[in-house]
Amino acid sequence: MPVKVAVRATAAHVTSPQPRGGTPPPRWRSRKAKGLAYAAPTAVFVTVFFLLPLLLVGQMSLSDWPLLGGDRGVNAPENYSDITDSTLFWPAIRFTLLYTVIVTVVLLALALLLALLVQESRPGAGFFRTVYFLPGALGLASASLLFWGLYSPTTGPLSRILEGLGLVDDPVSFLGSPTSALWSTVFLIVWKFAGFYMLILLVGLQRIPHEVYEAARMDGASRAQIFRSITLPLLRPSLALCLLLCVTGSLLAFDQFFILTKGGPDNSTVTVVQLIYREAFQRLNLGTAAALSNLVLAALLLLNALQFRGLRRADES
Amino acid sequence: MGSTGSTAGPRGHRRRLVTGAIALLATASLVTACGSDNDGSGGGGDRAASAGGVDDGTELTMWTRAATRPQSEALVKAYNASHKNKIELTVVPTDDYQAKVGAAAGSRDLPDLFASDVVFVPNYTSSGLFADLTERVDALPFAEHLAQSHIKAGTYEDKKYVVPHTLDLSVLFYNKELYRKAKLDPEKPPTTLREWDRQARAVDALGGGVDGTFFGGNCGGCGVFTWWPSVWAAGEDVLNEEGTEANLASTASKKVYDTYRGWVRDDIVAPGAREETGTTWTGIFPKGKVGVMPMPSTTLGLMPKDLDLGVAPIPGPDGGKSTFVGGDAIGISATSESADQAWNFLAWSLGDKAQVDVVAAHKDVVARTDLASNKHSEADPRLVTINELVAEGRTPYAMKFGQTFNDPNGPWLELMRHAVFGDGKSVEKDNDAVTASLAD
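In this text, all values refer to a predicted model and were calculated from it rather than measured experimentally.

(A) Focus on the overall build of chain A. The helix and strand tally for chain A stands at 14 helices and zero strands. Counting across all 317 residues of chain A, residues that qualify as buried make up 36%. For chain A, the exposed surface amounts to about 18600 Å²; the carbon and sulfur share of it is 68%.

(B) Representation of the overall build of chain B within the structure. Across its full length, chain B holds 16 helices and eleven strands. When contacts within chain B are restricted to residue pairs at least 6 apart in sequence, those whose partners lie at least 24 apart make up 75%. Accessible surface, chain B: about 17900 Å² in total, of which carbon and sulfur atoms supply 51%.

(C) Representation of the UniProt feature "transmembrane region" (unreviewed entry) in chain A. With numbering aligned to this structure, UniProt lists the feature "transmembrane region" (unreviewed entry) at residues 36-57, 97-118, 130-151, 181-205, 238-260 and 280-303 of chain A. Strand forms 0% of residues 97-118 of chain A and helix 100%; the C-alpha atoms that close the span are 31 Å apart.

(D) Molecular detail of the interface of chain B and chain A. The partner chain A presents 27 residues to the 31 residues of chain B that form the contact. Interface area for chain B against chain A, summed over the two sides, is near 2600 Å², with a carbon-plus-sulfur share of 50%. Our count for the chain B to chain A interface comes out at four salt bridges. Across the pair A:R283 and B:D440 runs a salt bridge, and its minimum N-O distance is 2.5 Å. Inspection of the chain B/chain A interface yields eight residue pairs in polar contact (both at pLDDT 80 or more). Elements with a minimum of two residues in the side of chain B that touches chain A: α3 (97-106), α4 (121-126), α14 (401-406) and α15 (411-421) of chain B. For the side of chain B that touches chain A, the element with the most residues is α3(B), which contributes five residues. Its residues assigned to classes, the side of chain B that touches chain A shows eight nonpolar, 14 polar and nine charged.

(E) Structural view of the pattern of salt bridges. For the structure shown, the criterion picks out 28 salt bridges over all chains. Within the structure, one salt-bridge network assembled from shared partners comprises B:D197, B:R201, B:R265 and B:D266.

(F) Region of interest: helix α11 (residues 339-350) of chain B. With twelve residues, α11(B) extends 16 Å between its outermost C-alpha atoms, agreeing within 8% with the 16 Å of an ideal straight helix rising 1.5 Å per residue. Here α11(B) lies mainly inside the structure; twelve of its twelve residues are buried.

(G) Quick peek at the packing of α11(B) against helix α12 (residues 352-359) of chain B. All names here are of chain B. Where α11 meets α12, the closest approach of the two axes is 4 Å, and the angle between their N-to-C directions is 65°. With respect to α12, the element α11 is oriented roughly perpendicular. Residues W348, S349 and L350 of α11 form the contact with α12, whose own contacting residues are D352, A354 and Q355. Here the contact of α11 with α12 is built from residues that sort into three nonpolar, two polar and one charged.

(H) Region of interest: the packing of aromatic side chains. Throughout the structure, instances matching the rule amount to 42 aromatic pairs over all chains. Taken together, a centroid distance of 6.0 Å and an interplanar angle of 50° make the contact between B:W227 and B:Y257 tilted. Taken as a pair, B:W227 in helix α9 (residues 220-233) and B:Y257 in helix α10 (residues 251-265) lie far apart in primary sequence, 30 residues in all. Among the residues examined, B:W227 registers a relative accessible area of 2% and is labelled buried. Sitting over the face of the ring of A:F193, A:K192 holds its NZ or CZ atom 4.5 Å from the ring centroid. Between A:K262 and the ring centre of A:F258, over which it is positioned, the NZ or CZ distance is 5.1 Å.

(I) Representation of the confidence of the model for chain B in the model. Residues and elements named next belong to chain B. The share of residues in chain B with pLDDT of 70 or more is 89%, and the mean pLDDT across the chain is 87. A low-confidence stretch, residues 1-48 stays under pLDDT 50, and its non-local contacts, those more than four residues away or across chains, total 27 contacts. Scored by ipTM, the complex comes to 0.78, with pTM at 0.82.

(J) The arrangement of the pairing of strand β3 (residues 113-117) of chain B in detail. Residues and elements named next belong to chain B. The buried count for β3 comes to five of five residues, which makes it a mostly enclosed element. One ladder, built from two bridges, connects strand β1 (residues 59-65) with β3; its direction is parallel. From the neighbouring strand, M62 faces β3, where its bridge partner is L113. Note that β3 and strand β11 (residues 325-332) share five bridges and pair antiparallel. Among the inter-strand pairings, L113 is bridged to a residue of β11, identified as I332.

(K) Inspection of a nonpolar patch on the surface at higher detail. All names here are of chain A. Taken together, V44, F45, V46, V48, F49, F50, L51, L52, L54, L55, L297 and L301 make up a surface patch of nonpolar side chains, about 1100 Å² in accessible area. Broken down by secondary-structure element, the contributors of at least two residues to the nonpolar patch are α2 (27-61) and α14 (286-316). Considering each element in turn, the nonpolar patch owes the most residues, ten residues, to α2. Along the chain, the position of L301 falls in helix α14. For L301, a relative accessible area of 56% gives the class exposed.

(L) View of the environment of A:T96. All names here are of chain A. Relative to the elements of secondary structure, T96 occurs in helix α4 (residues 89-118). Accessibility expressed as a relative area gives 3% for T96, which makes it buried. Sequence spacing of T96 and V273 is 177 residues, and the spatial spacing of their C-alpha atoms is 9.1 Å. Each residue touching T96, except ones within four places of it in the same chain, is listed here: S250, L251, V270, T271 and V272. A polar atom in the side chain of T96 sits 3.2 Å from the backbone nitrogen of V272.

(M) Summary view of the nonpolar core. All names here are of chain B. Counting residues in each nonpolar core, the largest one holds 152 residues, and the members touching the most others are W227, W228, L248, F345, F405 and W412. Top element by residues in this core is α11. It accounts for eight residues. Sequence-distant contacts of L248, defined by excluding residues within four places in its chain, comprise W228, V238, S253, Y257, F405, W412, L415, V427, N431 and V434.

(N) Up close: the confidence of the model for chain A. Looking at chain A as a whole, the pLDDT averages 88, with 89% of positions reaching at least 70. Contacts for the low-pLDDT stretch residues 1-17 of chain A, under 50 throughout, to residues beyond four places or in other chains number one contact.

Calculation criteria
- Residue numbers run consecutively from 1 along every chain, following the written order of its sequence.
- Here every chain gets a letter starting at A, and every ligand a number starting at 1, in the order they are written.
- In keeping with the predicted nature of the model, local features appear solely for residues at pLDDT of at least 70, side-chain atom pairs appear and are counted solely at 80 or more, and the whole-chain, interface and lining totals rest on all residues.
- Hydrogen atoms and water are omitted, and side-chain values are computed over all heavy atoms in the structure.
- A helix here means a DSSP run of H or I that spans at least four residues, while a strand means a run of E at least two residues long, and both kinds are numbered starting from the N terminus.
- For every residue, the accessible area obtained with a 1.4 Å probe (protein chains only) is divided by the maximum for its type, and the residue is called buried under 20%, exposed over 50%, and partly exposed between those limits.
- Only the protein chains shown count as cover for residues, and all accessible areas are computed by the Shrake-Rupley method using a 1.4 Å probe.
- Throughout, a contact is declared for two residues whenever any of their heavy atoms are within 4.5 Å.
- UniProt positions are given in the numbering used here, feature names are shortened, and annotations may be inferred rather than shown by experiment.
- Buried area, as used here, totals the accessible surface that two parts lose on assembly, with accessibility defined by a 1.4 Å probe and the loss added over both.
- A pairing counts as a salt bridge when a side-chain nitrogen of Lys or Arg comes within 4 Å of a carboxyl oxygen of Asp or Glu.
- Pairing of N or O atoms within 3.5 Å defines a polar contact, subject to two protein rules: one partner must be a possible hydrogen donor and the other a possible acceptor, and residues neighboring in sequence count only if both atoms are side-chain atoms.
- Each residue gets one label: Ala, Val, Leu, Ile, Met, Phe, Trp, Tyr, Cys and Pro are nonpolar, Asp, Glu, Lys and Arg are charged, and the others, such as Gly, are polar.
- What a helix is expected to span follows from its residue count: subtract one and scale by 1.5 Å.
- Lines are fitted to the C-alpha atoms to define the axes, a helix being fitted only along its stretch in contact, and any angle between axes, read from their N-to-C directions, falls within 0 to 180 degrees.
- We call two directions roughly parallel when the angle between them is under 35 degrees, roughly antiparallel when it is over 145, roughly perpendicular when it lies between 65 and 115, and oblique otherwise.
- Any Phe, Tyr or Trp ring, taking Trp's six-membered ring, that has another such ring centre within 6.5 Å forms a pair; planes under 30 degrees apart are called stacked, those over 60 apart edge-to-face, and the others tilted.
- In this scheme, the term charge over a ring applies when either NZ of a lysine or CZ of an arginine sits within 6 Å of the ring centre and within 35 degrees of the ring normal.
- Along the chain, pLDDT gives the predictor's confidence residue by residue, from 0 to 100.
- One bridge is not enough; two strands pair if DSSP finds at least two bridges between them.
- A patch consists of residues exposed above 30% relative accessible area that lack any salt bridge, with like charges linked at up to 9 Å and nonpolar side chains (Val, Leu, Ile, Met, Phe, Trp, Tyr) linked at up to 5 Å.
- The nonpolar core is taken to be a set of buried Ala, Val, Leu, Ile, Met, Phe, Trp, Tyr and Cys residues, with the residues joined through side-chain atoms within 4.5 Å.

So this is what it looks like as structure tokens:
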């Protein structure tokens, strides 16, 4: 308690009005002004581009907010309670989760494999690092369009190549069935992002001291044992970052499905974000779309918080 | 306390600044609000302006969708070359058009003129996006000859809001060379769905990469555009007059689905139909390997010159003929401040010269029934066939058209796919889902 009193006293002292005129302001005040000046641009940026839109979405989600015309009266909590009325809602959640699991497992496994292959500085390693990373430099929409062209059974070359090789008799419908549409999209994403995640893991691998490996070899550890007991545990921070990015990105999947499948065939590849887009721009109802967006935001915050918590625990242990 | 309300010193200066900023913002808001205020009368232009509008060198903005870009570009180019007013045309990707118009309407940032897929027009007119053109349209000397299905789609509460801009009709295209090879008469296109089925199968039997027909099996808009005319040709309707109830489980409808399902089952359809979302469905026929398929009339001018093809109306199961009068209708946005100048373009675009020398010259469908036969169409009987269909075709009317029929995740596409790629037994149930969406 005496400490608090002392602190208050100090605060009272320093915040008391200063005489105007000749006396220069105390040093702390100048520092505070400087600090505020430095922080101001970021504060303005965050307020304008993050906080205000967030507030607007909050307001939208409680209102009847048609994209075209109409009154903007209150429509709460119907915007939230009506979400589950859509027959696509639960299938979209199930599909998004399934897609996230598949992409995360396949993508991280492949990225780790690629990173292990090119981690040593031997001849050609630089070339392969560049080649693996190149698709990552392409925009997702462009890559999706490229694969849409490749997959087309009428105009694309893939089907013709497979026919030419005698592997199939009829043109292949890569996006024609729910299963093939899902795996064709997964293939695109893995092709596009494996190099990017490889780069993150490569940095992680190169931070592991060589001495640790040498000591393990001296102790007679096998390659599998080294990988299991040294590489994986020491790579955990990089793997955790990749996991966080991959899970979040997959749960927000939109571009690839919008371009490749449009949610088809037979609504089998509708993701949650597509549902938001549909609600806003097909059904022209921004209120429900905003409510759905808020739910997705809340779910992602919760998931990220859990992941961070798990990571911190792992670090502490 | 003494500083409260004081305007002296740094705090007073800050206060003045803040007060000034707030006043400035408030003034700006008021000015913006006043500037964007409208009563749907077309931007407050002088009513005394002639029926032809005003050509005083105003710069106008206009949006059109990519699907009808060539026609819009040709009209704008010809107008800019012959008038003082200048139009800056923006072509928007077709799939993004609704979203862009919606967002622009929300921020009151619509262009002076915007065309729209005619099936979305009721949604826009009822939302107050277009200016009232009733008096201007009625004053046109050829008003009664304008494509009435477009005028009807753009009429809301007895007021006319749009005029036809680019007409796109669904018609059968058939490859005469393949018909000859299949021992079919190239001058006798199908007049019933049964004949169409027989001819498609005959061509498909040629083999060697030749297929009988093709359709966009994962494209709701394509289905609406090419399947519904067969139902109309049978004398049935697909929607009630208000566009709130579907009649897509009717006898004629089922006959249409059954025919398409038979083609899928017997592999009469070119590869890719099952996943065709509408992006490339018109690119199959020009390759010369498909016998007979329905397509937009606007593709006629884009066909290879060496492709010997004929066009015919889309028949019903047992006869009759019809077409979907699609394409774009155009109106002046309710927020435009240059309504008279914008009308100058619209009135000119519907006149004899523009319709014949620009639209017909590009082998496109004219927007007026009295010009169905003109110097260009007479040189190509296929154009007369198409132009004459305007009077017989229909444009469906429904407020919820987009979310029901064009939405790739909507109930109509489900009905289509169940009926054609499935066993066709869920048509009644799927029709109820379509009705529910229309009445939503």
